[in-house]
Amino acid sequence: MHGFDFAGKRILCASVSAISLSLSLPVCASMGNLGTTYGVMPTDVASAQALSMFNTQVSATYYNPAYLTKDPRGELTAGLLHAEQELRASGPNRDGDVVSSSPSQHVLIGMKTNLGSLTRFGHPLYLGFIAGVEKYGKEMLAFSSETSETGQFLQYGKEPLFLNLGGATRIWRGIDAGVSARITLEAEAELIATSNLAGDTEKEKLSVNAKPSLKSILSVNIDYADTFCPDQACFLDGWETAISYRTKSTSSTTISSNVIVSQTIPAPGLSLAVSTIDSFQPETLSIGTQYRGDGWRIGGSVEQQKWSELESVFANDSVKDQQGVAAASRMKFDDILVPRLGGEYNLNENFAFQAGIAFEESPLKSDRNPEVNYLDTDKIVVGLGLSATYDRTRLLAYPVRFDIGYQYQQLQKRDFTIVDFNGNEEAVTADGDIHVVSGSVTLKF
């Protein structure tokens, strides 16, 4: 029996390691994504996402695809984002309190254009696309799913592939509608092999497949002046409202293996199966309003994020499986409301300054979740940014826009009980600091 246990462990390690290498899935990923954790473009980062629903750039495909109609010109954007994290869990019996300090580093590229000329109707139809890849483009997939004896943070780390594609059009005066797809990957891997007790395999057969999963984003934008008093001044001038709905999405991996162990486990062999998720984006309903004055604007939004659905998702997760845990000890998640407020002021025709603030309550209700040991806290988010437009370009027909944004996230202190694999308990206090810098260059055409 001990030989069987030893062989099973060696085979499991060999199988998962081989498949992980084939998938090239690095560790330290995040239960979130670029858009919800930090912000896609520098303006989103700088305003703490408070003005994201009224951003005319390509990030509108994620926050409010209907807003793609606001600028009729085409656009090509390239950018970088660097998030430096220090996530801590301090306790009296610990030598150090830093749990994670690995940065998130994204390269971004986006484009939008008007496809209305492809039809005979002449009605504008805007298409937008944006992608973000970790480690400045070197990591297509950042994936990790694990239990932990020391604690792990729920929403921070390397971000999974960010991919969004959408379109928008005007449906009536002042009313625009848009739809886009959040694209995630579902990977499946299968390993069949013969092994000895040392874990050395032969006669291997390995297959890996990854298919896209499309999750919809719907939005409507209303410009009150254009709708109710077109072609004349009225008290509704400058007011806009947007409503956006995003369905939940996950990135998942399923691994199955069947291994025959010489002189120990005959055919059909030992079957191993692992099904787990890495990132989870909750179902989100957002409502935002902005007022645009002469050279300035102010706006805000409220998001309802349905994190409670993560409980049922984890119930089917082989790594974070909660079915074998007593009901009172299972991880609990709350639906949360996230308020955001931001503004922009045009210093002159070429420079604009942005700022924003947000408060994000932690969706993790339980402060004791054995073996998985997730940590998460409430956070205050503050952002600052600057946009510059260079008009006199000798080669280009339109001005070039440069954006830079900075964001600071302060994770508030919260007490947790860490439970290791042997059932030993440890009281810790979680907190952290995150610094984000993002920059982009935008060409119009």
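It should be noted that the structure appears before, not after, this text.
Residues numbered from 1 in each chain as written. Predicted model: local features only at pLDDT ≥ 70, side-chain atom pairs only at ≥ 80, totals over all residues. Heavy atoms only, no water.

(A) View of the overall build of the chain. Check the secondary structure of the chain and you find six helices and 19 strands. The C-alpha atoms of the chain give a radius of gyration of 24 Å, which matches the 22 Å a tight globule of 445 residues would have. If one aligns the C-alpha atoms of the chain with their principal axes, the spans along those axes are about 85 × 55 × 40 Å. Counting every position in the chain, which comprises 445 residues, the buried fraction comes to 50%. Residue pairs at least 24 apart in sequence account for 71% of intrachain contacts in the chain once pairs closer than 6 positions are excluded. Only carbon and sulfur atoms are counted for the fraction: they give 58% of the accessible area of the chain, which is about 20400 Å². One finds the centroid of the 36 positive side-chain charges in the chain at a distance of 6 Å from the centroid of its 51 negative side-chain charges. (Helix = DSSP H or I, 4+ residues; strand = E, 2+ residues; numbered from the N terminus. Rg over C-alpha atoms; globule rule 2.2 N^0.38 Å. Buried < 20%, exposed > 50% of the residue type's maximum accessible area, 1.4 Å probe, protein only. Contact = heavy atoms within 4.5 Å. Areas by Shrake-Rupley, 256 points an atom, 1.4 Å probe, with all protein chains shown as cover. Lys, Arg positive; Asp, Glu negative; His and termini not counted. Charge placed at Lys NZ, Arg CZ, Asp CG, Glu CD.)

(B) Main features of the pattern of salt bridges. Counted under the stated rule, the structure contains 18 salt bridges. Across the pair lysine 379 and glutamate 360 runs a salt bridge whose closest N-O atoms are separated by 3.4 Å. Placement of the pair is lysine 379 in strand β17 (residues 379–390) and glutamate 360 in strand β15 (residues 351–360), with a sequence separation of 19 residues. Across the pair, glutamate 360 and lysine 379 agree in class, each one buried. (Salt bridge = Lys/Arg side-chain N within 4 Å of Asp/Glu carboxyl O.)

(C) Inspection of the state of the cysteines at higher detail. Inspection of every chain in the model, using the stated rule, returns one disulfide. One disulfide in the model links cysteine 229 with cysteine 234; its S-S distance is 1.8 Å. Overall, the relative accessible area of 22% leaves cysteine 234 in the partly exposed class. (Disulfide = S-S within 2.5 Å.)

(D) The environment of methionine 53, seen in detail. Mapped onto the fold, methionine 53 is located in the loop between α3 (42–46) and α4 (60–63). Taking relative accessible area as the criterion, methionine 53 reaches 5% and is therefore assigned buried. C-alpha separation for the pair methionine 53 and serine 244, spaced 191 residues apart in sequence, amounts to 8.3 Å. Non-local contacts of methionine 53, meaning those with residues more than four positions away in its chain, are made with Tyr63, Asn64, Tyr67, Ala242, Ile243, Ser244, Ser286, Ile287, Gly288 and Ser301.

(E) Representation of the pairing of strand β10 (residues 249–261) within the structure. Direction of pairing for strand β7 (residues 175–195) relative to β10: parallel, over a ladder of ten bridges. When the sheet's bridge partners are listed, alanine 187 is paired in β10 with threonine 253. With twelve bridges joining them, β10 and strand β11 (residues 265–281) adopt antiparallel strand pairing. Pairing of serine 249 across the sheet is with glutamine 281, part of β11. Between β10 and β11, which pair antiparallel in sequence order, lie three residues; one of them, glutamine 263, sits at a positive phi of approximately 65°. (Pairing = 2+ DSSP bridges.)

(F) A look at the packing of aromatic side chains. Under the defined criterion, the tally for this structure stands at ten aromatic pairs. Residues tryptophan 239 and tyrosine 291 carry aromatic rings whose centres are separated by 5.0 Å and whose planes lie at 50° to one another, so their mutual orientation is tilted. With a gap of 52 residues between them, tryptophan 239 in strand β9 (residues 239–246) and tyrosine 291 in strand β12 (residues 283–292) connect regions that are remote in the sequence. Its relative accessible area of 36% is what places tryptophan 239 among the partly exposed residues. Both rings, one in phenylalanine 280 and one in tryptophan 307, keep their centres 5.6 Å apart while their planes meet at 55°; by these two values the pair is tilted. With phenylalanine 280 in strand β11 and tryptophan 307 in the loop between β13 (296–306) and α6 (310–315), this residue pair connects regions lying 27 residues apart in the sequence. Since its relative accessible area comes to 1%, phenylalanine 280 is described here as buried. (Phe/Tyr/Trp six-rings, centres within 6.5 Å; stacked < 30°, edge-to-face > 60°.)

(G) Just the side chain of serine 286, in detail. By secondary structure assignment, the location of serine 286 is in strand β12. Residues within four places of serine 286 in sequence aside, it is in contact with Met53, Ala242, Ile243, Ser244, Val302 and Glu303.

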